[in-house]
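# Structure assessment
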Amino acid sequence: MNIEDLHQIARIEKSKQEGFQHQIHVCVAAGCLSCGSGQLKEALEKEIARRGLDTWCRVKGVGCLGLCTAGPLLSLETAGIFYQGVKVSDVSDILEALGGAPVERLICPVNSAFFRRQVRIVLENCGRIDPERIEEYMAESGYGGLALAVSQMSPTEVIEEVSRSGLRGRGGAGFPTGLKWTSVAKASGLTKFVICNADEGDPGAFMDRSVLESDPHRVIEGMAIAGYATGASQGYIYVRAEYPLAVKRVRLALFQAERMGVLGNNIFNTSFSFNIKVRLGAGAFVCGEETALIASIEGRMGRPRPRPPFPAEFGLWEHPTLINNVETFANVPPLIRKGGRWFAGLGTEKSKGTKVFALAGKIMNTGLIEVPMGTSLRDIVFDIGGGIPRGKEFKAVQTGGPSGGCIPGQFLDMPVDYDSLAKVGSIMGSGGMIVMDESSCMVDVARFFMEFCMSESCGKCAPCRVGTRQIYDILCRITGNLSGPDDLAMLEDLCDLMKSTSLCGLGQSAPNPVLTTLRYFRDDYLSHIHDKRCLAGACKAAREVA
Amino acid sequence: MKIHPRKNVRSDLNPSRLLTFRIDERVVSAHEDESILSVARQNGISIPTLCHLDGLSERGACRLCIVEVKGVARLLPSCVTFPRQDMEIITASERVVSYRKKILELLFTERNHVCAVCVSNGHCELQNLAVELGISHVRYPYLYPRLAVDASHSRFSVDHNRCVLCLRCVRVCDEIEGAHTWDIMGRGITSRVITDLNQPWGSSETCTGCGKCVQVCPTGALSEKGKSVAEMIKRRQFLPYLQMMRGRQDESWPK
Amino acid sequence: MAKITLATIWLDSCSGCHMSFLDIDEFLIDLAGQVEILFSPLVDTKSFPDHVDVSLVEGAVGSESDREKVLTIRDRSGILVSFGDCAVTANVPGMRNRYPVADVLARAYAENACPAAAISRDTLFFQEVPALCPQARPVHEFVPVDIFLTGCPPPPEAILYLFSELLAGRRPNMNGRTRFGA
Ligand SMILES: Cc1cc2nc3c(=O)[nH]c(=O)nc-3n(C[C@H](O)[C@H](O)[C@H](O)COP(=O)(O)O)c2cc1C
Ligand code: SF4
Ligand code: SF4
Ligand code: SF4
Ligand code: FES
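These notes cover the structure that comes with them. Given the structure is predicted, the values throughout are model-derived calculations rather than measurements. (Residues numbered from 1 in each chain as written. Chains lettered and ligands numbered in written order. Predicted model: local features only at pLDDT ≥ 70, side-chain atom pairs only at ≥ 80, totals over all residues. Heavy atoms only, no water.)

This part covers the overall build of chain C. Helix and strand counts for chain C come out as six helices and seven strands. Overall, chain C shows an N-to-C arrangement of helices and strands of β-α-α-β-β-β-α-β-α-α-β-β-α. Relative to the compact-globule value of 16 Å for 182 residues, chain C shows a C-alpha radius of gyration of 18 Å, a close match. Along the three orthogonal principal directions, the C-alpha set of chain C runs to about 55 × 35 × 30 Å. Counting the 182 residues in chain C, one finds 48% classified as buried. (Helix = DSSP H or I, 4+ residues; strand = E, 2+ residues; numbered from the N terminus. Rg over C-alpha atoms; globule rule 2.2 N^0.38 Å. Buried < 20%, exposed > 50% of the residue type's maximum accessible area, 1.4 Å probe, protein only.)

What follows deals with the site of ligand 1. Residues and elements named next belong to chain A. Of all residues adjacent to ligand 1, which total 18 residues, the nearest are Gly 171, Lys 180, Asn 324, Asn 325 and Thr 328. For ligand 1, an oxygen atom lies 3.1 Å from a polar atom in the backbone of Glu 290. For the shell around ligand 1, the elements supplying multiple residues, two or more each, are strand 9 (321–325) and helix 21 (505–509). If you tally residues by element for the shell around ligand 1, the top one is strand 9, at three residues. Grouping the constituent residues of the shell around ligand 1 by class yields three nonpolar, nine polar and six charged. (Near = heavy atom within 4 Å. Polar contact = N/O pair within 3.5 Å; in protein donor to acceptor, adjacent residues only side chain to side chain. Nonpolar A, V, L, I, M, F, W, Y, C, P; charged D, E, K, R; others polar.)

For the coordinates displayed, the defined rule picks out 19 aromatic pairs over all chains. Ring centres of A:Tyr228 and A:Phe272 lie 5.3 Å apart, and the angle between their planes is 75°; this geometry places the pair in the edge-to-face category. Taken as a pair, A:Tyr228 in helix 11 (residues 216–230) and A:Phe272 in the loop between helix 12 (244–260) and strand 8 (275–281) lie far apart in primary sequence, 44 residues in all. Here A:Tyr228 matches A:Phe272 in class, with each residue buried. One aromatic cluster in this structure is built from A:Phe82, A:Phe114 and A:Phe115. Between the NZ or CZ atom of A:Lys355 and the centre of the ring of A:Phe357, over which it lies, the distance is 5.8 Å. The ring of C:Tyr161 carries the charged tip of C:Arg177 above its face, separated from the ring centre by 3.6 Å. (Phe/Tyr/Trp six-rings, centres within 6.5 Å; stacked < 30°, edge-to-face > 60°. Lys NZ or Arg CZ within 6 Å of the ring centre and 35° of its normal.)

What follows is about the sheet that holds strand 7 (residues 156–159) of chain B. All names here are of chain B. Read from one edge of the open sheet, three strands run 6-7-10, paired in antiparallel fashion. Pairing within the sheet leaves two strands with one partner each, and these edge strands are strand 6 (149–150) and strand 10 (222–224). As judged from the three bridges shared by strand 7 and strand 10, these two strands associate in the antiparallel manner. Paired with Phe 156 across the strands is Glu 224, a residue of strand 10. (Pairing = 2+ DSSP bridges.)

The interface is formed by 22 residues belonging to chain B together with 25 residues belonging to chain C. Between chain B and chain C, the buried area comes to about 1900 Å², and carbon and sulfur atoms account for 61% of it. Among the residues of chain B in contact with chain C, B:Tyr142, B:Tyr144 and B:Arg146 are the three that bury the most area, contributing 32% of the side total. Our enumeration of links across chain B and chain C arrives at zero salt bridges. Viewed at the interface, chain C and chain B are joined by eight residue pairs in polar contact (both at pLDDT 80 or more). In terms of residue count, helix 3 (residues 125–132) of chain B provides more of the side of chain B that touches chain C than any other element does, three residues in total. The class makeup of the residues in the side of chain B that touches chain C is 13 nonpolar, eight polar and one charged. (Contact = heavy atoms within 4.5 Å. Buried area = accessible area lost by both parts, 1.4 Å probe. Salt bridge = Lys/Arg side-chain N within 4 Å of Asp/Glu carboxyl O.)

Moving on: the site of ligand 3. Residue and element names in this part refer to chain B. Close to ligand 3 lie 14 residues, the nearest being Cys 173, Cys 207, Cys 210, Gly 211 and Cys 213. Looking at the shell around ligand 3, the elements that each hand over two or more residues are helix 4 (168–177) and helix 5 (212–216). Partitioned by chemical class, the residues of the shell around ligand 3 number eight nonpolar, four polar and two charged.

All right, on to helix 16 (residues 377–384) of chain A then. Residue and element names in this part refer to chain A. Those residues of helix 16 lying buried are Leu 377, Ile 380, Val 381 and Ile 384. The arc that holds the buried residues of helix 16, viewed along the axis, is 125°, so those residues lie on one side. Its buried side turned inward, helix 16 meets helix 5 (113–116), strand 10 (354–361), strand 11 (367–372), strand 12 (394–399), strand 13 (405–408) and strand 14 (432–437). Immediately downstream of helix 16, the backbone of Gly 386 shows phi near 80°, a positive value. (Arc of directions from axis to C-beta.)

Here we come to the interface of chain A and chain B. Counting residues at the interface gives 38 residues for chain A, matched by 38 residues for chain B. With both sides pooled, the region where chain A packs onto chain B buries about 3200 Å², and carbon together with sulfur makes up 59% of that total. Applying the counting rule to chain A against chain B returns three salt bridges. Between A:Asp493 and B:Lys102 there is a salt bridge, with the nearest N and O atoms lying 2.6 Å from each other. Among the elements of the structure, helix 18 (442–456), helix 19 (462–479) and helix 20 (487–501) of chain A are those that each provide at least two residues to the side of chain A that touches chain B.

Here we take up the packing of helix 20 of chain A against helix 22 (residues 512–520) of chain A. All names here are of chain A. At a closest axis distance of 10 Å, the pairing of helix 20 and helix 22 adopts a crossing angle of 135°. By the angle class used here, helix 20 and helix 22 are oblique. As helix 20 packs across helix 22, the resulting crossing turns out to be left-handed. Contacts from Leu 488, Leu 491, Glu 492, Cys 495 and Lys 499 in helix 20 reach Asn 512, Val 514, Leu 515 and Leu 518 in helix 22. (Axes fitted to C-alpha atoms, helices over the stretch in contact; angles between N-to-C directions. Parallel < 35°, antiparallel > 145°, perpendicular 65-115°, else oblique. Left-handed = near helix turned anticlockwise from the far one by under 90°.)

Moving on, we come to the side chain of B:Asp159. Residue and element names in this part refer to chain B. Position of Asp 159 among the secondary structure elements: in strand 7. A residue is classified by how much of its surface remains accessible, and Asp 159, at 14% relative accessible area, is buried. One polar contact links Asp 159 to Asn 161, side chain to side chain, over a distance of 2.8 Å.

All names here are of chain A. Read across the sheet, four strands follow the order 8-7-6-9 without closing on themselves; strand pairing throughout is parallel. A single partner strand is all that each edge strand has here, and the edge strands are strand 8 and strand 9. Recorded for the sheet is a direction-independent mean angle of 20° between the axes of neighbouring strands. Two elements, strand 6 (residues 193–198) and strand 9, share five bridges in a ladder whose sense is parallel. Along strand 9, the bridge assignment pairs Cys 196 with Asn 324. Across the face of the sheet, helix 14 (residues 326–338) comes into contact with strand 6 and strand 9 while running at roughly 95° to strand 9.

Let us look at the environment of A:Leu95. Residues and elements named next belong to chain A. Along the chain, the position of Leu 95 falls in helix 4 (residues 91–97). Residue classification places Leu 95 among the buried positions, given a relative accessible area of 5%. Between the C-alpha atom of Leu 95 and that of Arg 305, which follows or precedes it by 210 residues, the distance is 58 Å.

To continue, consider unusual backbone geometry. With omega at 0°, the peptide bond leading from A:Pro308 into A:Pro309 counts as cis. Tracing the sequence through the fold places A:Pro309 in the loop between helix 13 (290–297) and strand 9. Between C:Cys152 and C:Pro153 the backbone carries a cis peptide bond, its omega angle lying at -5°. Within the secondary structure, C:Pro153 is located in the loop between strand 7 (147–149) and helix 6 (156–167). Of note, A:Phe268 is a non-glycine position whose phi angle comes to about 50°, a positive value.

This paragraph deals with helix 3 (residues 64–76) of chain C. Residues and elements named next belong to chain C. With 13 residues, helix 3 extends 19 Å from end C-alpha to end C-alpha; this agrees with the ideal 18 Å at 1.5 Å per step. Taken as a whole, helix 3 has its buried residues at Ser 65, Asp 66, Val 70, Ile 73 and Arg 74. Projected down its long axis, helix 3 carries its buried residues within an arc of 165°, all on one side. Summarising the contacts, the buried residues of helix 3 are in contact with strand 1 (4–10), strand 3 (52–58), strand 4 (61–63) and strand 5 (77–83). (Expected span 1.5 Å × (residues − 1).)

Shown next as structure tokens:
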């Protein structure tokens, strides 16, 4: 394959698509599949064939359209219409309405803030292309970034472009991606590896899964560019086995990419060669931690080891290894195509580009969104997210999963970026956002996350192994109104211990939900402790006592 | 295999550099591939450790050996941290000492360390650490888990009530004896050391009966049969020699 | 010099710590001149005095009655000493904590007793003895403790040191003089 071939494929694909007057996109990502979009797609295809419409109307399975609450979702690409909650019985109505007035009862307001306020880079193809056909990705300039990089840029120039963009890792800590690539490129050694971290273990997060299910080639292209820039020729995608659909689509995408020659030897007729293998994780949260993930790929138990040395210097099978998150890689192809300066034009001073968030909890529009860095929490929750259902009061939003914190209403106008979140004691994390209303007891929320960390702690280091259990016990005592006078002090003491002495990020950040709720919702704790009463009326034991 | 690229880099072609730095206000000099712990001990400065044992690979897991380094916000485990030129290390600041105490107290709460009826009473590293750190009582609630004793081996027994999960047994059996009978099962607070694939020790087909694991175990978790309370004294003199003769010199299998 | 008043008590324990106290031998005589024992299993008094300077509490808190006692003692004592490993860590009495109380009682009084003395499982809970708590736990989990004297039993030298310091009006530092299981 050379660059001309790539353009050729894109042209053919485009004209083929233009041949259809109507394209019906049915979301076949995990969310909509689970409420029957598979059958819906089949029924549409059958009905179209029966009516003989198949020359001018086509049904296409696409990735996530975003508004997962309203599934199964369906979009009429040419008309720009979204249908929500579509059932098989709606099929004939939909087909009849093609070209005419849309089916009123199914219409999903595309003009709503949910769609209007988003800026899509990572998700630009999600819901628009068929993730199971590489040609469609190519028609959207796919693999153009890789072609550009390997044929017209030196590895150093690629890294400079990434550095210029200001892209920071989307896996949690927000480490500058350009810097990481530089250190891998500089590390001595002939063999290097690129790993894509698709472990995504936080409860409530499904960004990476959606990207892999909806647009797997984007991640593959990003990894190949990274391989070129750092001097690696082998990549691994570490994805949890609980994501069977993502695994299937990634495998298919790899197969197609190899067949087309955008992976393999002498990519685009250059000396650059790159291959990717898939490795399945058994679903341990700690295996998302980079050193544990590497151990797991090597076939050992997924337990972190002390850093330094960092993987960039000493990684997979002791070779320099670049490890980035799915979303980080997904940002790379457009960044190379359009330039780092373009990317740096989005977002805030220190956090560039966009971020994908998974909105969940007590919010109208549950689903996946992508917004520029620096969008305020208020805009995300009330505008894009549609606010709190059933007229309840907003209480907190939890970001960053079990490693993050609970942010109270007073910070709603804060811009969402790495540094502002850190300032209030939370983290960006991978992008989970759980909204809580007045009926949530924050002690109970902290207890939930600590239970998660307790059962996901690998058990290697003493502070985390025993500390999570002790903290969990205290939180159970408090929510059960059985706490003693010293429990609050002991809670703070243990949180401080774990933060300062745990070996890996899991233990170091596990206290965050407790610490932030203690800071912002202390009354919830005090009421349980002194009045034996749950302020939010959420904890069962508390109600029984009252 | 190497745990750290800076470990074992010495060779005629690549001699390691000598560094000067400070430990507790004292100026010391050492090779760049010596851990802070080892340099401190060579200079008569004691740092408490539990998972570390001379002769075995490092694990960096018990976190008792943490030290403060000026200008670094994080506390660093001295057994796996290497010095840099002009580093200023503080081994026993108030903060570090109080954390060490708390970690040790947590370890006491984790299992059922009933010293009074233990074969290792009086010869136990956990007890000694408690004395060294001045622990008079444990402030956190004891967890009192329900754990088993496996006495199926003809000469040894394992009492999980007294295990601190240092994994010295796993390492010595793998790295020195080459049998890899021990490993660890489960995770978090439910972790437990196992023989073979969680078979009774007595039925293990890999165990050679060498007893090394028993000798390196810091507590009464592993003991020789026939020993009564306070009679189990461990002998470890063999370790440095055997490590030199048959250990994997540069072990990178942090367990 | 006014004598200091002393109370000693054993809760869920074997009385071994008290025996170790007696093991300070001839120093007992010296002590007798400076310490007045107001309440103890070793003397005759039946009710805990209104105030004592020092209380030695041996044993874990294993029953409801232990819990009440330890609260009273804390109320009426100047200095409360957690006396021995059972008081400090729950030690041997705590070994039952892994099992339900009913199983423990059945094991002790029904299964393992000689047939003549065995009590049927159903009547175990109707005996005229204070009910056991689900677990035996250290004293400091119930009340603030001033001095911890570890050891099973604490060595007589450590006990002697404790008293000489108290008598000199100092708060003893037991560090290095005894340990868990000593
Ligand atoms: C307990 C723990 C879990 C983690 N889980 C993930 C994860 O699921 N996905 C991920 O990309 N990074 C995860 N990370 C962060 C990774 O260690 C690593 O920093 C990240 O993959 C680097 O990629 P980035 O630079 O693109 O952010 C986790 C870290 C910790 C400590
Ligand atoms: S902090 Fe927790 S997860 Fe991380 S190494 Fe320690 S025990 Fe394992
Ligand atoms: S006795 Fe030797 S071979 Fe057997 S488990 Fe212990 S160290 Fe391994
Ligand atoms: S059995 Fe002994 S050596 Fe093995 S992990 Fe437990 S305490 Fe350590
Ligand atoms: S001795 Fe260093 S962490 Fe255990």
